[in-house]
Amino acid sequence: MQTFPLDDIKFNLDLTVSCGQAFRWRNWHGIWCAPSPYGDAEVWKVWQKGDVIFFDGMEEKDLIQYFSLDHDLDAILASIDCDPLIHDAIERCQGLRILRQDPWECLISYICSSCANIPGIQMRIENLAEKYGDEIFCDGKKYYSFPSPEKIAEADVCEIRSCKVGYRDAYICDAAAMAVTDSNWSEKIQSLPYRDAQKKLRELNGVGPKVADCVLLFAFEKFEAVPVDVWIERILRTKYVGGEKKLDYTKAGDYARDHFGPYAGYAQEYLFASREIISRKGE
DNA sequence: GAAGGACCTGA
DNA sequence: CAGGTCCTT
C-alpha cells in the first residue's frame, strides 16, 4: 500500500469514480476496487482520507495518469465558471475530475451505453468481461480483466450476444476487428484535433456523435467534446437556450463550446453530476 | 436534411 | 420506455 498526499491538489475520489464516466469501480467497505484497465491481472484499490489518497495494486504514475491528477483543475474550473448554474455545480462537485480511461475499454463501454442507465451498462460490461476477460482473484473476490480486442475479435457474433448486449453485438465485433487490424488506432485518434478525431471514431458502426464524444472526453482528453445526452440536452434547452423543441446534437454542443470555452467537456461533466438538483430547481 | 421507427434487453 | 445509432421516408 502506498500513499499520495494531495497537498493543494483538489480531488474527490468518490464522486469521480461514481458519477457515471467509468463503469467497473465497486466500493467494498470504503475501498474502491477495479480490475486494472491495462489487462495486467492486477486489481486497483484506492481510497481517500481527507487530503491523502491510499492506493494498492497500481503505481503512483498510474494513479496520477488515470485520475488526471495532473490536470490544473483550478484553472480549468475558473475558465468555465461563467454563469450561476455552472458556478453552483462547481461548488457542489468539488474535486470531480475527468478520468483518463483506457481507449479500448472506454470505446466498448460507451458502445454498450445506448438505451440504458448506469446499472444496465455495467451489467453488459461485466458480462463481456466474465466471458472474455481473465479471472483475477483479490481479497477473496473474483474479478475479470477487460477483454482484449483480440479475444473479442475471435468470438462470433451470437456468442457475444449471449452477453446480453442485444443489437450492439455487431458493433462490438466491428470495433474489435478495427482495433486488431489497426493496433495504433488510439495513437492516431490522440494525435488528431477534436473534430477530426470525432469524424474518425464515427466511421465505426454503432459510434454516433454521443458515443464518440464520450470516448474523446473520457479517454483522449479532448475537452471540446461535449457529450449531449437526454439530461444535458434538457439542461441546455431549459436553462440556457430556451425554447420548446429538442436541441439538435451539434447545435447543443456548439452552444456549450461557445458558452463555456475550450473546457466545455468539463462543464458538461459538472452539469451532468448535478443533473438531479438542477432539474429539480425551478421547472 | 429532418423526422420517425426499429433494434435487444431488463427495469 | 430507456445516457443511442442506423435506416427509411
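As the structure is a computational prediction, the values presented were derived from the model and not from experiment.

Draft legend 1. Structural context of the overall build of chain A. Counting secondary structure elements, chain A contains 16 helices and seven strands. Taken over C-alpha atoms, the radius of gyration comes to 19 Å for chain A, in line with the 19 Å a tight globule of 283 residues would show. Based on the C-alpha atoms only, the size of chain A along its principal axes is roughly 50 × 45 × 35 Å. Looking at chain A as a whole, 51% of its 283 residues are labelled buried. Just so you have it, chain A exposes about 13,100 Å², and 50% of that area is on carbon and sulfur atoms. On chain A, the mean spot of the 34 positive side-chain charges and the mean spot of the 46 negative ones are 7 Å from each other.

Draft legend 2. Examining the pairing of strand S3 (residues 31-35) more closely. With four of five residues buried, S3 lies mostly within the body of the structure. Summarising the sheet, strand S2 (residues 26-28) and S3 pair through three bridges and their orientation is antiparallel. Counted as the bridge partner of Trp-28 is Ile-31 from S3. Linking S2 to S3, which pair antiparallel, is a turn of two residues; within it His-29 sits at a positive phi near 50 degrees. Note that S3 and strand S4 (residues 43-49) share four bridges and pair antiparallel. The partner of Ala-34 across the bridge, within S4, is Trp-44.

Draft legend 3. Examining the protein's contact with DNA strand C more closely. Near DNA strand C, the surroundings consist of 21 residues, among which Ala-116, Ile-118, Gly-206, Asp-229 and Phe-272 are the closest. Side-chain polar atom of Tyr-167 to a base nitrogen of DNA strand C: 3.1 Å apart, as the coordinates give it. Interatomic distance of 2.8 Å between a side-chain N/O atom of Asp-229 and a base nitrogen of DNA strand C. Among the elements of the structure, helix H6 (118-132) and helix H12 (209-219) are those that each provide at least two residues to the surface near DNA strand C. Looking at the surface near DNA strand C element by element, the count peaks at three residues for H12.

Draft legend 4. Inspection of the UniProt feature "domain: HhH-GPD" (unreviewed entry) in chain A at higher detail. Here, the residues flagged by UniProt with the feature "domain: HhH-GPD" (unreviewed entry) are residues 112-276. From the first C-alpha to the last, residues 112-276 spans 23 Å; its make-up is 61% helix and 5% strand.

Draft legend 5. Representation of the protein's contact with DNA strand B in the model. Met-123, Arg-161, Lys-164, Gly-166, Tyr-167 and Arg-168 make up every residue found near DNA strand B. When atoms of DNA strand B within 4 Å of the protein are sorted by moiety, sugar and phosphate together comprise 72%. In this structure, a phosphate oxygen belonging to DNA strand B sits 3.1 Å away from a side-chain N or O atom of Arg-161. Backbone polar atom of Tyr-167 to a sugar or linking oxygen of DNA strand B: 3.2 Å apart, as the coordinates give it. Residues belonging to the surface near DNA strand B are distributed by class as follows: two nonpolar, one polar and three charged.

Rules of the game
- Residues numbered from 1 in each chain as written.
- Chains lettered and ligands numbered in written order.
- Predicted model: local features only at pLDDT ≥ 70, side-chain atom pairs only at ≥ 80, totals over all residues.
- Heavy atoms only, no water.
- Helix = DSSP H or I, 4+ residues; strand = E, 2+ residues; numbered from the N terminus.
- Rg over C-alpha atoms; globule rule 2.2 N^0.38 Å.
- Buried < 20%, exposed > 50% of the residue type's maximum accessible area, 1.4 Å probe, protein only.
- Areas by Shrake-Rupley, 256 points an atom, 1.4 Å probe, with all protein chains shown as cover.
- Lys, Arg positive; Asp, Glu negative; His and termini not counted.
- Charge placed at Lys NZ, Arg CZ, Asp CG, Glu CD.
- Pairing = 2+ DSSP bridges.
- Near = heavy atom within 4 Å.
- Polar contact = N/O pair within 3.5 Å; in protein donor to acceptor, adjacent residues only side chain to side chain.
- UniProt positions renumbered as here; feature names shortened; annotations may be inferred.
- Nonpolar A, V, L, I, M, F, W, Y, C, P; charged D, E, K, R; others polar.

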